Amino acid sequence: GWEYEENAIHTLFEFDDFKDAFSVMTRIAFEVEKLNHHPDWLNVYNTLQISLSTHDAGGVTEKDFQLAKIINALVA
């Protein structure tokens, strides 16, 4: 579900409601703090749009793929 575009990988998740979307964002937040690797994301009601790239590397690195796998597991 991740697509590569403009030096980042992107995905969009849709949930039943805002509460479910925000709950997942909170769980993701704990993981990104552990990794010290933060996503660019946008939440509108029941959707969560996420973009991952390693800004200081100028594109996608192994950190981004690692975080994408964690996010997929949290959403599943």
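Rules used in this analysis
- Residues numbered from 1 in each chain as written.
- Predicted model: local features only at pLDDT ≥ 70, side-chain atom pairs only at ≥ 80, totals over all residues.
- Heavy atoms only, no water.
- Helix = DSSP H or I, 4+ residues; strand = E, 2+ residues; numbered from the N terminus.
- Rg over C-alpha atoms; globule rule 2.2 N^0.38 Å.
- Contact = heavy atoms within 4.5 Å.
- Areas by Shrake-Rupley, 256 points an atom, 1.4 Å probe, with all protein chains shown as cover.
- Pairing = 2+ DSSP bridges.
- Core = buried A, V, L, I, M, F, W, Y, C linked by side-chain atoms within 4.5 Å.
- Buried < 20%, exposed > 50% of the residue type's maximum accessible area, 1.4 Å probe, protein only.

S.K.: Outline the overall build of the protein chain, listing residues and values.
M.R.: Assigned secondary structure in the protein chain consists of two helices and four strands. For the protein chain, the sequential pattern of α-helices and β-strands runs β-β-α-β-β-α. On C-alpha atoms alone, the protein chain measures out to a radius of gyration of 12 Å, which is about the 11 Å that the 2.2 N^0.38 rule sets for 76 residues. Seen through its C-alpha atoms, the protein chain measures out along the principal axes to roughly 35 × 25 × 20 Å. For the protein chain, the share of sequence-separated contacts (at least 6 apart) that also reach a separation of at least 24 residues comes to 59%. Surface exposure of the protein chain reaches about 4900 Å², of which carbon and sulfur atoms provide 53%.

S.K.: I'd like a description of the pairing of strand S3 (residues 40-44), backed by residues and values.
M.R.: The pairing of S3 with strand S4 (residues 47-52) spans five bridges and is classified as antiparallel. When the sheet's bridge partners are listed, aspartate 40 is paired in S4 with serine 51. The hairpin formed by S3 and S4 contains two residues between the paired strands, and tyrosine 45 there has a positive phi angle of roughly 45°.

S.K.: Run through the nonpolar core, naming residues and quoting values.
M.R.: Judged by nonpolar contacts, the single largest core of 14 residues is most densely connected at Phe15, Ile28, Leu48, Ile50, Leu52 and Ile71. When residues of this core are traced back to their parent elements, those giving at least two are strand S2 (8-14), helix H1 (18-35), S4 and helix H2 (62-75). If one sorts the elements of this core by residue count, H1 sits on top with five residues.

Interpretation note: all reported values are geometric properties and have no functional meaning in isolation.
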